[in-house]
Amino acid sequence: MELTREIAAIRDGMGDPARLVGEFRRAVLLVPLADGPGGGLMSAVSGGIRWIYAFTDEEALARFAAARGESDREWEFLSVLGARLVDAVVPMADGPAGVVVDVADADGSMFFPPVAGIVPEGSAVDVTGGGVAA
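It should be emphasised that the depicted structure is a prediction, and the values quoted were computed from it without experimental measurement.

Undergrad: Talk me through the environment of Leu81; I want residue IDs and the actual numbers.
TA: Among the structural elements, Leu81 can be located in strand β4 (residues 77-81). Taking the relative accessible area as the measure of exposure, Leu81 reaches 43% and is therefore partly exposed. With near-sequence residues (within four places) excluded, Leu81 lies in contact with Arg25, Arg26, Ala27 and Val28.

Shown next, in the form of structure tokens:
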């Protein structure tokens, strides 16, 4: 998958951020569904930002399940384009939201924060009014 190669290149200090975001937007990601009341997409809040979990393949999702000690249960997920996550799902969140890809992979995870160029300007924390915050 191109996205995993771009993540590796960025983490090695040789990647192109614009190419990374482009590959993220084109990638079909697996997004687990949350259990319990309300359901929805599985996410966590850290630092005041809701991070939607997304995975590049079933193996990455399985590593996440194992890290949580929950590999013995069935994990339901949706296949969603990265662009759809940031363009349609993030704006529906109650507060700032971003996407974290392959969060259980210490050397292969990547955060896509709620900033201009990744999420729509109306959902970006670094944009105020009509311009970028200083």
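Undergrad: How would you explain the layout of surface pockets if you had to name every residue and give the values?
TA: A volume near 170 Å³ is recorded for the largest pocket. Considering the residues around the largest pocket, the lining is formed by Gly39, Leu41, Ser43, Arg50, Ile52, Val89, Met92 and Ala93. Of the residues that constitute the lining of the largest pocket, the class distribution is five nonpolar, two polar and one charged.

Undergrad: Which residues make up the packing of aromatic side chains, and what values go with them?
TA: For the coordinates displayed, the defined rule picks out five aromatic pairs. With a centroid separation of 4.9 Å and 90° between ring planes, the pair formed by Trp51 and Phe111 is classed as edge-to-face. Of this pair, Trp51 sits in strand β3 (residues 49-54) while Phe111 sits in strand β6 (residues 110-112), and the two are 60 residues apart along the sequence. Centre to centre, the rings of Phe55 and Phe64 are 5.0 Å apart; their planes meet at 45°, and the pair counts as tilted. Exposure remark for Phe64: the relative accessible area of 5% places this residue in the buried category. Through pairs of rings, three or more aromatic residues link up here, namely Tyr53, Phe55, Phe64 and Trp75.

Undergrad: Now, about the sheet that holds strand β5 (residues 97-101): what can you tell me, with residues and values included?
TA: Note: strands within a sheet are paired through backbone hydrogen bonds, in either parallel or antiparallel orientation. Pairing is mixed across the open sheet formed by four strands, whose spatial order is β2-β3-β5-β6. Each edge of the sheet is formed by a strand with only one pairing partner; in this case those strands are β2 (43-46) and β6. Strand after strand, the sheet turns through a mean of 30° between neighbouring axes, direction not considered. The pairing of β2 with β3 spans four bridges and is antiparallel. Paired with Ala44 across the two strands is Trp51, which belongs to β3. On top of the sheet, helix α1 (residues 2-11) reaches β5 and β6; it is set at about 100° to β6, its chief contact.

What counts as what
- Position numbers for residues count from 1 along each chain, tracking the sequence in the order it is written.
- Selection of residues for local features in this predicted model requires a pLDDT of at least 70, selection of side-chain atom pairs for listing and counting requires 80 or more, and totals for whole chains, interfaces and linings are taken over all residues.
- Hydrogens and water molecules were not included; the side-chain quantities draw on all heavy atoms of the structure.
- To qualify as a helix, a DSSP run of H or I must reach at least 4 residues; to qualify as a strand, a run of E must reach at least 2; elements of each kind are numbered from the N terminus.
- The buried label applies to any residue whose accessible area, calculated with a 1.4 Å probe on protein chains only, is under 20% of its type's maximum; exposed applies above 50%, and partly exposed to all values in between.
- Contacts are residue-level and defined by heavy atoms, with any inter-residue pair within 4.5 Å sufficient.
- Definitions used throughout: a 1 Å grid over protein atoms alone; a cavity as a set of points that fits a 1.4 Å probe which cannot get out; a pocket as an open set with protein on both sides within 12 Å along at least five of seven lines; a lining residue as one with an atom within 4 Å of a point.
- Grid points are joined across faces, edges and corners, and a volume is the space filled by probe spheres set on the points.
- Nonpolar residues are Ala, Val, Leu, Ile, Met, Phe, Trp, Tyr, Cys and Pro. Charged residues are Asp, Glu, Lys and Arg, and all others, Gly as well, are polar.
- Classification of ring pairs uses Phe, Tyr and Trp, with its six-membered ring standing for Trp, and accepts pairs whose centres are within 6.5 Å; under 30 degrees between planes counts as stacked, over 60 as edge-to-face, and the remaining range as tilted.
- One bridge is not enough; two strands pair if DSSP finds at least two bridges between them.
- Interaxial angle, 0 to 180 degrees, is taken between N-to-C directions of lines fitted to C-alpha atoms, where a helix line uses only the stretch in contact.

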